[in-house]
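The primary structure of each chain is shown beneath.
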Amino acid sequence: MSGAAVPPPGPGRHPTGPGRRGDRIEVRGLRATGVHGALEEERRRAQPFAVDLDVWADLAPAAASDRLTDTVDYGALAEAAQSVVTAGSYRLLEALAGEIARVLLAADDRVRGVSVTVRKLRPPLPLDVATTGVRIVRWREPR
């Protein structure tokens, strides 16, 4: 992983407008099994992955109404992410995370940005490493 990190939303950078605070929905530790990896041994068998999601959206309507219809459903987000992990096959975690981000941005027009972290829970390394992973951040294109 190289390149410049994408800064988190802040004053003047939040996708919903200048100076707005960044409301977000978080999903942590979603476990899913899939066939992803660059090595032949990884492509022969399914392995466990963990996914963390940060989804930026305006949560003020839901905070005021207390109605599920006024927010982005985190259950639906988690199901969509799990489906990407279990249904397809990618050589790189970057591609897997990118597809999850694409699906989440397309799932609901209220989603303004996403951060997707994907971790291999059993990385094929001859070292004592707990996990390996990537995190990508994507914003909805302005209309």
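Here, every reference points to the structure presented above.
**Remarks on the packing of aromatic side chains**
Counted according to the given criterion, the structure contains one aromatic pair. For the ring pair Trp56 and Trp139, a centre distance of 5.0 Å and an interplane angle of 50° mean the geometry is tilted. Of this pair, Trp56 sits in strand 2 (residues 47-56) while Trp139 sits in strand 4 (residues 132-139), and the two are 83 residues apart along the sequence.

**Points about unusual backbone geometry**
Positive phi outside glycine occurs at Asp66, with the angle close to 65°. By the element assignment, Asp66 lies in the loop between helix 2 (60-65) and helix 3 (74-87). Judged by its relative accessible area of 72%, Asp66 is exposed.

The rules we used
Residues numbered from 1 in each chain as written. Predicted model: local features only at pLDDT ≥ 70, side-chain atom pairs only at ≥ 80, totals over all residues. Heavy atoms only, no water. Phe/Tyr/Trp six-rings, centres within 6.5 Å; stacked < 30°, edge-to-face > 60°. Helix = DSSP H or I, 4+ residues; strand = E, 2+ residues; numbered from the N terminus. Buried < 20%, exposed > 50% of the residue type's maximum accessible area, 1.4 Å probe, protein only.

So yeah, pure geometry; function would need other evidence.
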